[in-house]
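The lines below spell out each chain.
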Amino acid sequence: MAPIFILILIVLVVVIFAFYKRPVKKAVLPTGYKKVLLEHVAFYRALDEEGKIRFEEKIKEFLGYIRITGVNTNVDDLDKLLVACSGIIPIFGFPEWRYYNLGEVLLYPDAFNEISFLSKDADRHVLGMVGDGAMQRTMILSKPALRSGFANASGTENTGIHEFVHLLDKEDGAVDGLPEALLKRQFTIPWLQLMAKNIVAIKAGQSDINIYGSRNEAEFFAVAAEYFFEAPERFNQKHPELYNLMTQIFNQSPAHQNADT
Ligand SMILES: [Zn+2]
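Because the structure is predicted, anything quoted here is derived from the model rather than measured.

A few words now on the nonpolar core. Across soluble globular proteins, you tend to see nonpolar side chains buried next to one another. Ranked by size, the top nonpolar core spans 66 residues in total, and within it Phe55, Ile59, Tyr99, Val105, Trp191 and Phe250 carry the most contacts. Ignoring any residue separated from it by four or fewer positions in sequence, one finds Val105 in contact with Ile66, Arg67, Ile68, Thr69, Val83, Met139, Leu141 and Phe164.

Pasting the structure below:
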């Protein structure tokens, strides 16, 4: 009987290993990636050493399971890193998060509003969009918009982050500004009220949040998230209520990253 038990044990171990220790395929980062990240990604710069290492690991993982393809444009190491950063920044507070609803990011050489089949639900002067229907699991980004989002150190806009926040919002089935997969139930009503209040303020010209955020709740959430991640100190100072609730949504406080510089 003993060999059978041993066999069963081996099978069990293999099964458990297969399910719980399935190795995540990780990409190899390009040479000089650290310099690129330090130069272009303020969020990364603000992390302490431990945070930087964790961020790099998340990028390797992201690039291991998401394909980045250029359409009539080449995709270089910088583009790949910036797409990965756009995806990792919003979920950096959730170590186990993976984008199961995304397989590929297509980069276009410019805004793509001339491409009629893409333009129906396209976003922000058609700089990016999250696909539906036949384009399910596909995100489309304008390459210049992706780059400019990370180029302006003092800016509050970032198209890449914007589109990934829509994807997080979509996780519960609806892109409606209410990310039920992330937000604890007790914060639902306060968040809805806060969004409504701020949309009114934007429309009245009494807010420095981009006017595009007043279009609807989904756009408000994505636009406010860009500001939250791109200029966290300023956002915290000008919009403390929003900042606090968004630290609950994203499970991180980018204004307090313990930068060691
Ligand atoms: Zn949008």
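If you trace the backbone, Ala153 turns up in the loop between helix H7 (143-151) and helix H8 (159-170). Separated by 114 residues in sequence, Ala153 and Glu39 have C-alpha atoms that sit 9.9 Å apart.

Let's shift gears to helix H9 (residues 188-203). One turn of the α-helix equals 3.6 residues, which is why residues spaced by three or four share an orientation. In a regular helix each residue adds 1.5 Å, so 16 residues correspond to 22 Å; H9 covers 23 Å between its end C-alpha atoms and thus fits that length. Those residues of H9 lying buried are Thr188, Trp191, Leu194, Met195, Asn198, Ile199, Ala201 and Ile202. Buried residues of H9, viewed axially, fall in a sector of 160 degrees; they line one side. Structural note: H9 exposes Ile189, Gln193, Val200 and Lys203 on the side pointing more than 90 degrees away from its buried face. Residues of H9 that are buried sit in contact with helix H10 (217-230) and helix H12 (240-250). Phi turns positive one or two residues past the end of H9, at Gly205, with a value near 70 degrees.

Packing of helix H5 (residues 77-91) against H7 brings their axes to within 10 Å, and their N-to-C directions diverge by 65 degrees. The pairing of H5 with H7 is recorded here as roughly perpendicular in orientation. The handedness of the crossing between H5 and H7 is left-handed. When H5 is examined against H7, the residues Leu78, Asp79, Leu82, Val83, Cys85, Ser86 and Ile89 are found in contact with a partner set consisting of Lys143, Leu146, Arg147 and Phe150. Classifying every residue of the contact of H5 with H7 gives 7 nonpolar, 1 polar and 3 charged.

Below, the discussion takes up the confidence of the model for the protein. Looking at the protein as a whole, its pLDDT mean stands at 88, while 87% of the residues score no less than 70. Note on residues 114-120: pLDDT is under 50 here. Beyond four places in sequence and across chains, it has 8 contacts.

Turning our eyes to something else, we now look at the pattern of salt bridges. As enumerated under the stated definition, the model contains 13 salt bridges in all. The salt bridge involving Glu104 is made with Arg67; its shortest N-O contact spans 3.2 Å. Placement of the pair is Glu104 in strand E2 (residues 104-108) and Arg67 in strand E1 (residues 67-70), with a sequence separation of 37 residues. Classification of Glu104 by relative accessible area gives buried; the value is 16%.

Looking at the element boundaries, Glu61 is found in helix H4 (residues 49-65). In contact with Glu61, other than residues within four places in its own chain, are Val24, Lys25, Lys26, Trp97 and Arg98.

We now examine the packing of aromatic side chains. Summed over all chains, the structure comprises 21 aromatic pairs. On the basis of an interplanar angle of 85 degrees and a centroid distance of 6.1 Å, the ring pair of Phe228 and Phe235 is categorised as edge-to-face. Sitting over the ring of Phe92, Arg54 keeps its end group 4.0 Å from the ring centre.

Conventions used here
Residues numbered from 1 in each chain as written. Predicted model: local features only at pLDDT ≥ 70, side-chain atom pairs only at ≥ 80, totals over all residues. Heavy atoms only, no water. Core = buried A, V, L, I, M, F, W, Y, C linked by side-chain atoms within 4.5 Å. Buried < 20%, exposed > 50% of the residue type's maximum accessible area, 1.4 Å probe, protein only. Contact = heavy atoms within 4.5 Å. Helix = DSSP H or I, 4+ residues; strand = E, 2+ residues; numbered from the N terminus. Expected span 1.5 Å × (residues − 1). Arc of directions from axis to C-beta. Axes fitted to C-alpha atoms, helices over the stretch in contact; angles between N-to-C directions. Parallel < 35°, antiparallel > 145°, perpendicular 65-115°, else oblique. Left-handed = near helix turned anticlockwise from the far one by under 90°. Nonpolar A, V, L, I, M, F, W, Y, C, P; charged D, E, K, R; others polar. pLDDT = per-residue confidence, 0-100. Salt bridge = Lys/Arg side-chain N within 4 Å of Asp/Glu carboxyl O. Phe/Tyr/Trp six-rings, centres within 6.5 Å; stacked < 30°, edge-to-face > 60°. Lys NZ or Arg CZ within 6 Å of the ring centre and 35° of its normal.

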